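Listed below are the residues making up each chain.
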Amino acid sequence: EWWFCDKIETKVNRTRDEVVTMDFYKQEIYGNILYTAYRTRSLVVSVSLLYSLFGVAAILYFADKGYAGIIAGVIIVGFSLWRINAVHQPVMLVTEKALLVAVPFWEMPLEKGAWAYWIHPSYLPVSYKKIIGFSDDWKILYIGTQQEGGMAQISIEGMYIPVSDKKKIIAYIERKQKE
């Protein structure tokens, strides 16, 4: 059973028509957060420093270029701050009722009304019973489907999660599937 909400729908796998709904974390729907998986500290620090340097370079370069340069600098700094904020957000939320997987920004919808998903962390809720497994590099989550083929793929950013956290996630999924 999928955990659906009245939100923007996205294709799970480009070759199939199955649709999963993105949502924000809501305690009343998904229950308490039992475990939160973040990116590795070294990645977070490295990416934050990179985007900080990118923003500073934009300010220094565009400072004397007139109004158009200032606007370009502000846009670049805004983009840098957005990406720094995004890298600090959880990759997965292990809740009582579903695994919430962060949607990579390259998978975000571009349709009207979807701006909130670009600002606030959004997740694809997946029932523990539907989870088949992860790819070896943790870039793909495999889930069971009700259609021909029986399996769909969801792009995830699990490769950035520390190995110890991956083990905890797998152990919890296995425990929920046995219930």
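For the structure itself, look to the data block above.
Student: Tell me about the overall build of the chain, and name the residues and values.
Tutor: Helix and strand content of the chain: 5 helices and 9 strands. Taken from the N to the C terminus, the helices and strands of the chain come in the order β-β-α-β-α-α-β-β-α-β-β-β-β-α. The burial tally for the chain puts 42% of its 179 residues in the buried class. For the chain, long-range pairs separated by at least 24 residues make up 61% of all intrachain contacts whose partners lie at least 6 apart in sequence. Working note: accessible area of the chain is about 10400 Å², and carbon and sulfur atoms make up 60% of it.

Student: Tell me about the pattern of salt bridges, and please be specific about residues and values.
Tutor: One pass over the structure, following the stated rule, counts 3 salt bridges. Where Glu 157 meets Arg 39, a salt bridge forms, and the shortest distance between an N and an O atom there is 3.3 Å. Note that Glu 157 is positioned in the loop between β9 (151-155) and α5 (163-178) and Arg 39 in the loop between β3 (33-37) and α2 (41-62), a separation of 118 residues in sequence. For the pair shown, Glu 157 and Arg 39 are each scored as buried. Linking Asp 64 and Lys 65 is a salt bridge whose minimum nitrogen-to-oxygen distance equals 3.9 Å. Given the relative accessible area of 62%, Asp 64 is considered exposed.

Student: With reference to specific residues and values, describe α2.
Tutor: Think of an α-helix as turning once every 3.6 residues; residues three or four places apart then point the same way. The end-to-end C-alpha distance of α2 is 31 Å, a good match for the 32 Å that 22 residues give at a rise of 1.5 Å each. All buried positions along α2 are accounted for by Val 44, Val 47, Ser 48, Gly 55 and Ala 58. Along the axis of α2, the buried positions cluster into a sector of 100 degrees, meaning they face one direction only. Away from the buried face of α2 by more than 90 degrees, exposed residues Ser 42, Leu 49, Leu 50, Leu 53, Leu 60 and Tyr 61 are located. Looking at the buried residues of α2, the elements they touch are α3 (66-87).

Student: Can you explain the packing of aromatic side chains? Please cite residues and give values.
Tutor: One pass over the full model with this rule turns up 5 aromatic pairs. Considering the side-chain rings of Phe 134 and Trp 138, the 3.9 Å spacing of their centres and the 5 degrees angle between planes classify their relative orientation as stacked. Across this residue pair, the class does not change: Phe 134 and Trp 138 are buried. Three or more aromatic residues link up through ring pairs in this structure, and these residues are Tyr 51, Phe 79 and Trp 82. Seen from the ring of Tyr 61, Lys 65 lies directly overhead, with NZ or CZ sitting 4.6 Å from the centre.

Student: I'd love a proper account of the nonpolar core, names of residues and values included.
Tutor: Of all hydrophobic cores here, the largest spans 22 residues; its most connected members are Met 92, Leu 99, Phe 134, Leu 141 and Ile 169. Contributing elements (two or more residues each) for this core: β4 (92-95), β5 (99-102), β6 (123-126), β7 (131-134), β8 (140-144), β9 and α5. When residues in this core are grouped by element, the largest group, 3 residues, is from α5. Judged by nonpolar contacts, the second largest core, of 6 residues, contains Tyr 30, Leu 93, Leu 100 and Ala 102.

Student: Help me get a handle on the pairing of β6, residues and values and all.
Tutor: Along β6, one buried face is formed by Tyr 123 and Pro 125 and the opposite face, lined by Leu 124 and Val 126, is buried too. Judged from the 4 bridges that link them, β5 and β6 form a sheet pairing that is antiparallel. Bridge pairing in β6 places Leu 99 opposite Val 126.

Student: Would you mind going over the side chain of Asp 165 in detail, with residue names and values included?
Tutor: Mapped onto the elements of the fold, Asp 165 is located in helix α5. Buried and without a salt bridge, Asp 165 has Lys 168 as its closest oppositely charged side chain, separated by 4.4 Å. Asp 165 has contacts with Tyr 35 and Tyr 38, leaving out every residue within four places of it along the chain.

Conventions used here
Residues numbered from 1 in each chain as written. Predicted model: local features only at pLDDT ≥ 70, side-chain atom pairs only at ≥ 80, totals over all residues. Heavy atoms only, no water. Helix = DSSP H or I, 4+ residues; strand = E, 2+ residues; numbered from the N terminus. Buried < 20%, exposed > 50% of the residue type's maximum accessible area, 1.4 Å probe, protein only. Contact = heavy atoms within 4.5 Å. Areas by Shrake-Rupley, 256 points an atom, 1.4 Å probe, with all protein chains shown as cover. Salt bridge = Lys/Arg side-chain N within 4 Å of Asp/Glu carboxyl O. Expected span 1.5 Å × (residues − 1). Arc of directions from axis to C-beta. Phe/Tyr/Trp six-rings, centres within 6.5 Å; stacked < 30°, edge-to-face > 60°. Lys NZ or Arg CZ within 6 Å of the ring centre and 35° of its normal. Core = buried A, V, L, I, M, F, W, Y, C linked by side-chain atoms within 4.5 Å. Pairing = 2+ DSSP bridges. Lys, Arg positive; Asp, Glu negative; His and termini not counted.

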